[in-house]
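These are the residues of each chain, in order.
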Amino acid sequence: MTTGDAGYGDIAKDMAAALRAGAGELWSAATLQLRHTGGSVSCTAWSDVRESLRVDYTSIARRLFERPPAVLEVRLAAGGEYVFTARPDIAAVSPGRLVFDEAFRYPGHPLPGLPRPAVPTGAPTDPAVLAEVTRLAGEFAELYAGIKGTPPPWPPGRTEADLAAAEARIGVRLPEDLRALYLLADGDPEETGLLSPYSYDSLDRLVGNYTEGDPGSYGWEDDVEDDGVVFETVPFGRVKRLSRNDSWVTFGGDRAMNYLAVDLDPAERGHAGQVLEYGRDIYGPLRYVSASLTAMLTEVVETLRAGKYEDPGEQYLFAETSLRDGGERSYSEVISRASELSLPAVVAGLRDPELVQEVYLNDPADTDLAVFEPLTSLRMLKVNRAAAVTPSIGGLGALESLRISGGRVDLGVLAGHPVLWDLQLEEIRLPLDLAVLTTLPRLTRLNLSGSAVPDLGQVCDLPGLRVLKLDGDQVRRLLDAGRPLPRLAALLVTGRTTLPEMAELRQAFGGRDSTEEVVEFSAVLS
């Protein structure tokens, strides 16, 4: 820890002054915390008489962007004395967050480095595929010219050498039909409708998208605080249930923050080169678009041939295909005011129950979760504000995540569930006995914040636990139990925490000493 101000002197003084200006009257101690991530600055402030303060930190935030990411804190006394602390080794405070293993990922969230089934070979594009794609693109161009009066404004194509160089950079051989498209035209920047309603990017942009950040596409909910459950794409069995894959290569989209990727590592019933969609309008599982680019081109051409298209003017032409119909039901179901309903009747009346992967159950009375057994693909179940819950989930063989808030929960019936890895029990009013959790072989994340847990030491009996979420009082009680603590990947603490408290927890849970500069000093406002 440095004994000087490390250049933070003026920032600390301005934080203290801003805090005093926002604290109002009749207070004796106040705290201001700024979390600087490198891309944003967030603020939390409170005093001993007000739970939340409004502090103007705009000018301070601008200066922080010139410095490395860190959490900054000022603890101010009414007399003007303050203590400033800056720690780059603490992820967040209020609520607190400590990450001990940056490489940790939940099930289905692989790090980069997956095997790549389609590696560069240097071979030219399959001549039969090239001939078919050339035929389809040629017919599209003829139909386009007949409708628009001019040929489609496509850029010149790339060469086999260009393709080989691009594939060497990304470490993946592209599907033969996508290679063929690039030989014909280097993308469709004018959105002429060749892949209506999508267009494909230039080869250079494809490479740039793949090599920027982690290789591959999608990267959905990989953070330790995210829900984390990976839902399966419909139709089931075609796409691997992963949050990302080195063999998903983004190549285009709709120019409205939805993106297309070719899948070179399909699931058992899938097809190498199948086309997937992800982005702004697709929450949850990736959307299956087509078995291949060739199939997409075929549908576009057949639709134009049938005279089914929209001509909005300029260079645009949209074939009225089914590529974006999305007729399947949502993966998620919300059941509200459940205490007024017959849950068996509700579940029996769901359309395509085998496709339901997530359920929100709001305000139920005394409920046994066995009622959801007809939902054979249910992976996440969230029960909110329940009077009492009997979590009989033995018949829910796919369930990975269970979240309950309410009055009473009988944990005994959880015993031995084979795949449940996420258990969140928030604000449970009647005491919980955690002994049964030792029978859950895959339990990875546990949230007990706000719940009545007489023996928190039972948490120490869970050797597979990697992420733990508690409130501040629970953390102190766990430390006071004096038992060896679990080796966590992350600790999350709800409510107000200070940097000294989080630093103490970092040490208690076995975090390595910081190799980054920690700054702390005292001063007085004039």
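Bear in mind the structure is a predicted one, so any value in this text is a computation, not a measurement.

Peer 1: Got a minute to help me understand the pairing of strand β2 (residues 41-47) in this structure?
Peer 2: Counting buried residues along β2, five of its seven residues qualify, which places the element largely inside the surrounding structure. The pairing of strand β1 (residues 29-36) with β2 spans seven bridges and is classified as antiparallel. The residue bridging L34 from the neighbouring strand is C43, located in β2. Adjacent in sequence and paired antiparallel, β1 and β2 are bridged by four residues, among which G38 carries a positive phi angle near 105°.

Peer 1: Is there a simple way to think about the packing of aromatic side chains in this case?
Peer 2: For any pair of aromatic rings, geometry is given as the distance between the ring centres together with the angle between the planes. Enumeration according to the criterion identifies 10 aromatic pairs in this entry. On the numbers, 4.9 Å between centres and 25° between planes, the contact of Y106 with W421 is stacked. A residue pair is termed long-range when its members are at least 10 positions apart, and Y106 in the loop between β5 (96-99) and α3 (127-148) and W421 in the loop between β19 (401-409) and β20 (422-426) qualify at 315 residues. Per residue, the accessibility class of Y106 equals that of W421, and both read buried. Their ring planes at 70° and their centres at 5.5 Å tell us that Y182 and Y200 sit as a pair that is edge-to-face. On the criterion of sequence distance, the pair formed by Y182 in helix α5 (residues 176-184) and Y200 in strand β6 (residues 199-200) is long-range, its members being 18 residues apart. Taken individually, Y182 and Y200 each receive the classification buried, so the pair is uniform in this respect. Feature note: the residues Y8, F84 and F521 constitute an aromatic cluster, connected by ring pairs. For R67, the ring lying beneath its charged end belongs to Y8, and the centroid distance is 3.8 Å. The aromatic ring of Y288 is capped on one face by R238, whose charged end is 4.9 Å from the ring centroid.

Peer 1: Any chance you could explain helix α6 (residues 203-211) here in plain terms?
Peer 2: Because each turn of an α-helix spans 3.6 residues, side chains separated by three or four positions in sequence point in the same direction. Burial in α6 covers these residues: L203, L206, V207 and Y210. Down the axis of α6, the sector holding all buried residues measures 95°, keeping them to one side. In this structure, the buried residues of α6 make contact with α4 (160-170), α5 and β9 (248-253). In the stretch just after α6, G213 is the one whose phi turns positive, near 75°.

Peer 1: I keep staring at the sheet that holds β6 and nothing clicks. Help me out?
Peer 2: Adjacent strands of a sheet pair through backbone hydrogen bonds, lying either parallel or antiparallel. Pairing within the open sheet is antiparallel, and its five strands lie in the order β6-β9-β10-β11-β12. The open sheet has two free edges, formed respectively by β6 and β12 (282-290), since each of these has just one partner strand. Where strand β11 (residues 274-279) and β12 come together, four bridges link them in antiparallel fashion. When the sheet's bridge partners are listed, E277 is paired in β12 with R287.

Peer 1: Would you explain the pattern of salt bridges in this entry?
Peer 2: Opposite charge on two side chains permits them to pair, given that their charged atoms come into close proximity. As enumerated under the stated definition, the model contains 38 salt bridges in all. In this structure, R403 and D227 form a salt bridge, with 2.9 Å as the shortest nitrogen-oxygen distance. Of this pair, R403 sits in strand β19 while D227 sits in the loop between β7 (217-218) and β8 (244-245); the two residues are 176 residues apart in sequence, bridging distant segments of the chain. Since its relative accessible area comes to 18%, D227 is described here as buried. The residue R483 makes a salt bridge to D461 at a minimum N-O spacing of 2.5 Å. On the criterion of sequence distance, the pair formed by R483 in the loop between α9 (472-480) and β23 (490-494) and D461 in the loop between β21 (445-447) and β22 (467-471) is long-range, its members being 22 residues apart. Through salt bridges with shared partners, a single ionic network connects D227, K382, R403, D422 and R445.

Peer 1: Got a minute to help me understand the nonpolar core in this structure?
Peer 2: Grouped burial of nonpolar side chains is what soluble globular proteins tend to show. Formed by 59 residues in total, the largest nonpolar core has its most connected members in F372, L402 and L437. Setting aside its immediate chain neighbours within four residues, F372 contacts I335, V347, V359, L361, L378, L381 and L396. Formed by 40 residues, the second largest nonpolar core is a distinct cluster that contains F140, A180, L195 and V275.

Thresholds applied
Residues numbered from 1 in each chain as written. Predicted model: local features only at pLDDT ≥ 70, side-chain atom pairs only at ≥ 80, totals over all residues. Heavy atoms only, no water. Buried < 20%, exposed > 50% of the residue type's maximum accessible area, 1.4 Å probe, protein only. Helix = DSSP H or I, 4+ residues; strand = E, 2+ residues; numbered from the N terminus. Pairing = 2+ DSSP bridges. Phe/Tyr/Trp six-rings, centres within 6.5 Å; stacked < 30°, edge-to-face > 60°. Lys NZ or Arg CZ within 6 Å of the ring centre and 35° of its normal. Arc of directions from axis to C-beta. Contact = heavy atoms within 4.5 Å. Salt bridge = Lys/Arg side-chain N within 4 Å of Asp/Glu carboxyl O. Core = buried A, V, L, I, M, F, W, Y, C linked by side-chain atoms within 4.5 Å.

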